[in-house]
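# Per-entry structural report
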Amino acid sequence: MIAIGANGFDCPSLRSLLPKRPPTAVTCTFCQGTALVGIPDQWFVCPLCDGLGWRIPGVAY
Ligand SMILES: [Zn+2]
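A short tour of the structure in this document, coming up. Not measured: the values here are computed from a predicted model. (Residues numbered from 1 in each chain as written. Predicted model: local features only at pLDDT ≥ 70, side-chain atom pairs only at ≥ 80, totals over all residues.)

## Quick look at unusual backbone geometry
What counts is decided by this rule: In this text, helices come from DSSP runs of H or I with a minimum length of four residues, and strands from runs of E with a minimum of two, each type numbered from the N-terminal end. Using C-beta atoms placed from the backbone, we call a residue buried if 20 or more other C-beta atoms fall within 10 Å of its own, exposed if 12 or fewer do, and partly exposed for counts in between.
Backbone geometry at Q32 places phi at a positive 60°, although glycine is not the residue there. The residue Q32 is located in the loop between β1 (26-27) and β2 (36-39) in this model. On the neighbour-count criterion, Q32 (12 C-beta atoms within 10 Å) is exposed. Located in the positive-phi region is D41, a residue other than glycine, with phi close to 75°. Examined against the element boundaries, D41 turns out to sit in the loop between β2 and β3 (42-45).

Structure below.
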């Protein structure tokens, strides 16, 4: 399992690598759009939205 620190994930250069959120996307309900789940000091990329913070309605992961 790969853990990404919250600080590292907020790096602008990493953010720019993420796909652009399409207008049909909805905020991920599992991570509330934060793209990270877990407990303090032990955060993981949300497995539901794959670290995007949003999902396409009707698309199963
Ligand atoms: Zn999520």
